[in-house]
Amino acid sequence: MSTGVVTAARVTHGSGSVDQLAAASPDGQSSAVEELLAVPDIEEAYVLSTCNRVEAYVVGPDHAVGRAALEEFFAGVADEAVVVTDHDESLRHLMRVAAGLESVILGEDQIIGQVRTAYEDSRDAGGIGSMLEAGVTKAIHVGERARTETAINEGVVSLGSAATRRAAEEIPLEDATALVVGAGEMGQLAARSLAAADVAEVVIANRTIAHADHLVADLEAETDARAAPLEALDSVASRADVVVTATGSEVPVLEPRHLEGPSEQVVVDLGQPRDVAPAADDLSSVRVFDLDDLESITAETRDKRADAAREVEAIVDREFDLLTEQYKRARADEAIAAMYEAAERIKEREVETALSHLEEPSEQHREVLESMADSLINQLLAAPTKSLREAAAEDDWSTIHTALQLFDPEFGENDGPIAPPSIAPTAGSGEASIGATDDD
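Under an unreviewed UniProt entry, the protein chain has the name Glutamyl-tRNA reductase and belongs to Natrinema thermotolerans. Of the comments in the UniProt record for the protein chain, the one headed Subunit (unreviewed entry) reads "Homodimer." We quote the UniProt Catalytic activity (unreviewed entry) comment for the protein chain here in full: "(S)-4-amino-5-oxopentanoate + tRNA(Glu) + NADP(+) = L-glutamyl-tRNA(Glu) + NADPH + H(+)".

S.K.: Looking at this structure, how should I read the packing of aromatic side chains?
M.R.: Here a ring pair, both rings aromatic, is described through the centre-centre distance and the interplanar angle of the planes. Enumeration according to the criterion identifies two aromatic pairs in this entry. Judged by centre distance (5.0 Å) and plane angle (85°), the rings of F73 and F74 are edge-to-face. A residue is classified by how much of its surface remains accessible, and F73, at 12% relative accessible area, is buried. The class for F74 is buried, based on a relative accessible area of 2%. Positioned above the aromatic ring of F320 is the side chain of R92, whose terminal nitrogen or guanidinium carbon lies 4.4 Å from the ring centre. Lying across the ring of F289, R166 places its NZ or CZ 4.2 Å from the centre.

S.K.: Explain the layout of surface pockets here, please?
M.R.: If you roll a probe as big as a water molecule over the atoms, it shows you where there is empty space left. Taken as a whole, the largest pocket spans an internal volume of roughly 870 Å³. T50, C51, T247, G248 and Q272 are the residues nearest the centre of the largest pocket, which is lined by 32 residues in total. Every element with two or more residues in the lining of the largest pocket is listed here: α5 (110-124) and α8 (185-196). Element by element, the count of residues in the lining of the largest pocket is highest for α5, at five residues. Split by residue class, the lining of the largest pocket holds nine nonpolar, 19 polar and four charged.

S.K.: What's the story with the pattern of salt bridges in this structure? I'm lost.
M.R.: Between side chains of opposite charge, a pair can form when the charged atoms approach closely. Applying the stated criterion to the full structure yields 27 salt bridges. Put simply, E201 and R239 hold a salt bridge, and the shortest N to O gap is 3.5 Å. Separated by 38 residues along the polypeptide, E201 in strand β6 (residues 201-206) and R239 in the loop between α10 (233-236) and β8 (242-245) bring together distant segments of the chain. Taking relative accessible area as the criterion, E201 reaches 16% and is therefore assigned buried. The exposure class assigned to R239 is partly exposed, which follows from its relative accessible area of 41%. For the salt bridge of R366 with E352, the shortest nitrogen-to-oxygen distance reads 2.7 Å. Of this pair, R366 sits in helix α13 (residues 363-393) while E352 sits in helix α12 (residues 306-356), and the two are 14 residues apart along the sequence. Through salt bridges with shared partners, one network takes in R166, E169, E170, E264 and R287.

S.K.: Can you help me understand the nonpolar core in this one?
M.R.: One recurring pattern in soluble globular proteins is that nonpolar side chains are buried together. Counting residues in each nonpolar core, the largest one holds 36 residues, and the members touching the most others are Y46, L101, V115, L132 and I152. Broken down by secondary-structure element, the contributors of at least two residues to this core are β1 (5-12), β2 (44-49), β3 (53-60), α4 (87-99), α5, α6 (130-149) and α12. With near-sequence residues (within four places) excluded, V115 lies in contact with Y46, L48, V97, A98 and I140. Judged by nonpolar contacts, the second largest core, of 35 residues, contains C51, A162, A183 and A225.

S.K.: I keep staring at the pairing of β1 and nothing clicks. Help me out?
M.R.: Regular strands place side chains that alternate from one sheet face to the opposite one. Most of β1 is tucked away, with eight of its eight residues classed as buried. Burial along β1 is two-sided: V5, T7, A9 and V11 and V6, A8, R10 and T12, pointing in opposite directions, are all buried. Inspection of the sheet shows β1 paired to β3 by eight bridges, in the antiparallel sense. Looking at the pairing, T12 lines up with R53 of β3. Here β1 pairs with strand β4 (residues 83-85) via three bridges, running antiparallel.

S.K.: Help me understand the sheet that holds strand β5 (residues 177-181), please; the structure alone is not making it clear to me.
M.R.: For sheets, the rule is that strands pair by backbone hydrogen bonds, running either parallel or antiparallel. Ordered in space as β7-β6-β5-β8-β9-β10, the six strands form an open sheet in which the pairing is parallel. The sheet terminates laterally at β7 (224-229) and β10 (286-289), the two strands that pair on one side only. Between one strand and the next, the sheet's axes are offset by a mean angle of 15°, whatever the strand orientation. Of the pairings in the sheet, the one linking strand β9 (residues 265-269) to β10 comprises four bridges and is parallel in character. When the sheet's bridge partners are listed, V267 is paired in β10 with V288. Here α8 sits on the sheet in contact with β5, β6 and β8, set at roughly 170° to β5. This element, helix α9 (residues 209-219), spans β6 and β7 of the sheet and lies at about 175° to β7.

Here is what the cut-offs are and how they apply
- Residues numbered from 1 in each chain as written.
- Predicted model: local features only at pLDDT ≥ 70, side-chain atom pairs only at ≥ 80, totals over all residues.
- Heavy atoms only, no water.
- UniProt positions renumbered as here; feature names shortened; annotations may be inferred.
- Phe/Tyr/Trp six-rings, centres within 6.5 Å; stacked < 30°, edge-to-face > 60°.
- Buried < 20%, exposed > 50% of the residue type's maximum accessible area, 1.4 Å probe, protein only.
- Lys NZ or Arg CZ within 6 Å of the ring centre and 35° of its normal.
- 1 Å grid on protein atoms, 1.4 Å probe; cavity = no way out; pocket = protein on both sides within 12 Å on 5 of 7 lines; lining within 4 Å.
- Points joined across faces, edges and corners; volume = space filled by probe spheres on them.
- Helix = DSSP H or I, 4+ residues; strand = E, 2+ residues; numbered from the N terminus.
- Nonpolar A, V, L, I, M, F, W, Y, C, P; charged D, E, K, R; others polar.
- Salt bridge = Lys/Arg side-chain N within 4 Å of Asp/Glu carboxyl O.
- Core = buried A, V, L, I, M, F, W, Y, C linked by side-chain atoms within 4.5 Å.
- Contact = heavy atoms within 4.5 Å.
- Pairing = 2+ DSSP bridges.
- Axes fitted to C-alpha atoms, helices over the stretch in contact; angles between N-to-C directions.

Here it is in structure tokens:
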């Protein structure tokens, strides 16, 4: 088990604007993990980047090291948009994220898959060690429990379906023509939601036409659907009643010239960064909505799911306590293992010494001596073993630190005293702006 502590920082839909989220977004999760691991003394790293959040978790010897690494990581974002948390709050927050409690759409299902993908990306980049292995897999477990044991994900469960709801508030969707730009996960959710709303036709425009064709095949049982390349936006966008964009493009893919059609149009931009050029909103026949404009729908969903959310909060509290106990047991077991390994080395040396004094030592002699030595070790170490487990349960880290120093010859050569694995050793145990010296 790592002797470090977790520090995290994030920019989310709740703390920053769409543009600040875009500024925080890394080129990729794996490359972001590699960037953090390159910082001296950072032992582990995990990065979760979605259209609504960019979160980075690091393990270091103390929170000062973690905060410095994260400050550099989010250097391009205004301080007020970045929320920093120390060990306990970071791990609890990640559980809440996986459970859907921190999503724009309370309880939405997409986030748990994104947490898993980020875990795989971080692991592939070498960022997952003992501390984050336990913390991230626990968060995934919490997310699964939330969705199987409560009603947190009933009703509108994705931004794709929220986009459909928002469009339906503006125009009748029945018999409408819908265009979805982007065939990724968000585009797929939007397309399926529009098809379920009885639109007459769904056009999927995507850079890779094969991906669009695959989505079209899934939709054909519900509605007329066809694929189009992005180059065809000039012709397909102008005749669409509803346009939902959800690409990963760094620049807008939908310009005002694409939307200068004869009739009114509703455009919902789910892109991060923006897929729709801001000037499109100046067209008299076009109404453009972005992620911030979905708040009315998310608020409605939040009210309906309030009871389920309280149940999920209880699951988070219980699982966080179990994670804390897991960390404590692991730290105590580390000290106990070091103690028994030291005793085993002494036993082997003394058994060989005793055998060397016998004129004709036999295998039976060896077995008798080893059995006696094992019995002595078990009896002598029974009380210390119990004491170390009690010390971990009571957050008595000085006792565990002393045991590790006594029995592990390599422990502490380059490190100071170990910090509690569940309670941050600094005063900053809550949330703060990344540029702050005191917690808010």
